[in-house]
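Tertiary structure, described
Listed below, chain by chain, are the residues.
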Amino acid sequence: MSEFFKCALCGKIVKVIADGRGQLVCCGQPMDMISTFKSVNEVLDFAIEKEEEARQFYLEWADKLDNQALAEQFVLFAGEENKHKEKLQRVKGGSTFKPAPKQVTDLKIVDYLVDIAPTPEMDYQEALIVAMRREKASFKLYSDLAAMAQDEGLRETFLALAQEEAKHKLRLETVYEKEIYSEN
């Protein structure tokens, strides 16, 4: 099963993992099916769109944050998402992108933290949680896309991007562990 649905209001993406009855609903309205991915280009276009959405999220929140250091960090995150978008565009143009040979460690810190909605007044800890959750979701998305890919080169590209997202999440979790856990 490879159906993805998107909320028109909040942008949340849901992957259907089991058949069910009824309609998927988010933010009080039915979600739209965005793709069953009939071609490699459709998958790449979807992934490029996700990277652009992530880049825009970080840039938008960088402008809204009161904490200047945190705003600068979000601009850096936006740059990372832009690099992913560029890699995907190169793959769409015929280039290949190979995964790193080593699996990235998962500290699983974000797995045990409460979900945080972004606000302009969020503090450093809350912003780290938002960023960690986004990186975790991106890792899962690319892992799912890799599992769906029938083309071996595309599968390897998505696995490589999943590893990139895992590295970002690990970097954030390491900062969180050092700067937040050590304060307590």
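Located above this text is the structure these notes cover.
Below is a short write-up of the structure.

Reading the values: the criteria
Residues numbered from 1 in each chain as written. Predicted model: local features only at pLDDT ≥ 70, side-chain atom pairs only at ≥ 80, totals over all residues. Heavy atoms only, no water. Phe/Tyr/Trp six-rings, centres within 6.5 Å; stacked < 30°, edge-to-face > 60°. Helix = DSSP H or I, 4+ residues; strand = E, 2+ residues; numbered from the N terminus. Buried < 20%, exposed > 50% of the residue type's maximum accessible area, 1.4 Å probe, protein only. Lys NZ or Arg CZ within 6 Å of the ring centre and 35° of its normal. Salt bridge = Lys/Arg side-chain N within 4 Å of Asp/Glu carboxyl O. Contact = heavy atoms within 4.5 Å. Lys, Arg positive; Asp, Glu negative; His and termini not counted. Core = buried A, V, L, I, M, F, W, Y, C linked by side-chain atoms within 4.5 Å. Axes fitted to C-alpha atoms, helices over the stretch in contact; angles between N-to-C directions. Parallel < 35°, antiparallel > 145°, perpendicular 65-115°, else oblique. Nonpolar A, V, L, I, M, F, W, Y, C, P; charged D, E, K, R; others polar.

Further remarks concern the packing of aromatic side chains. The tally for this structure, following the rule as stated, stands at six aromatic pairs. Aromatic pair F57 and W61: ring centres 6.4 Å apart, planes at 45 degrees, arrangement tilted. Placement of the pair is F57 and W61 together in helix α1 (residues 40-64), with a separation of four residues, close to one helical turn. The residues F57 and W61 share a single accessibility class, namely buried. On the numbers, 5.9 Å between centres and 20 degrees between planes, the contact of Y142 with F158 is stacked. In this pair, Y142 is assigned in helix α3 (residues 124-148) and F158 in helix α4 (residues 152-179), connecting sequence segments 16 residues apart. The same class applies to Y142 as to F158, namely buried. In textbook terms, an aromatic cluster arises when at least three aromatic residues are bridged by ring pairs, as seen for F57, Y58, W61, F74 and F77. Above the face of the W61 ring, K64 is positioned so that its terminal group lies 4.4 Å from the ring centre.

Enumeration according to the criterion identifies 15 salt bridges in this entry. Note that E80 and K83 form a salt bridge whose closest N and O atoms lie 3.8 Å from each other. In this pair, E80 and K83 are both assigned in helix α2 (residues 68-92), three residues apart and thus about one turn of the helix distant. For K83, a relative accessible area of 46% corresponds to the partly exposed category. Among the charged side chains, a salt-bridge network with shared partners connects D106, K108, K169 and E173.

Note on placement: V25 falls in strand β3 (residues 25-26). When the C-alpha atoms of V25 and E52 are compared, they prove to be 24 Å apart, with 27 residues separating the residues in sequence. Residues within four places of V25 in sequence aside, it is in contact with P30 and M31.

This part is about the side chain of E51. Note on placement: E51 falls in helix α1. An unpaired buried charge is present at E51: no salt bridge exists, and R134, the closest side chain of opposite charge, is 8.4 Å distant. When sequence neighbours within four positions are dropped, the list of residues in contact with E51 reads E81, H84, K85, L88, Y142 and E165.

Bringing the nonpolar core into the picture now. In terms of nonpolar packing, the biggest core is built from 23 residues, with Y58, F74, M122, M132 and Y176 touching the most fellow members. Looking at this core, the elements with two or more residues in it are α1, α2, α3 and α4. Per-element accounting of this core gives the leading share, six residues, to α3. Ignoring sequence-local partners within four residues, the contact set of M122 consists of W61, L65, L70, F74, A127 and V130. Of all hydrophobic cores here, the second largest spans 17 residues; its members include L88, L141, Y142 and A162.

With that settled, the discussion passes to the packing of α2 against α4. Remark: α2 packs on α4, axes separated minimally by 11 Å, with the N-to-C direction vectors making an angle of 175 degrees. On the basis of their axis angle, the class for α2 and α4 is roughly antiparallel. Along the contact surface, α2 presents F77, E80, E81, H84, K87, L88 and V91, while α4 presents T157, F158, L161, E164, E165, H168, R171 and L172. Here the residues of the contact of α2 with α4 are counted per class, giving six nonpolar, three polar and six charged.

The subject of this paragraph is unusual backbone geometry. If a residue is not glycine, its phi is most likely negative; likewise, a peptide bond is most likely trans. Notably, C27 is not glycine yet its phi reads approximately 55 degrees, a positive angle. Here C27 lies in the loop between β3 and β4 (29-30). Although it is not a glycine, K108 sits at a positive phi angle of roughly 60 degrees. With relative accessibility at 40%, the residue K108 sits in the partly exposed group.

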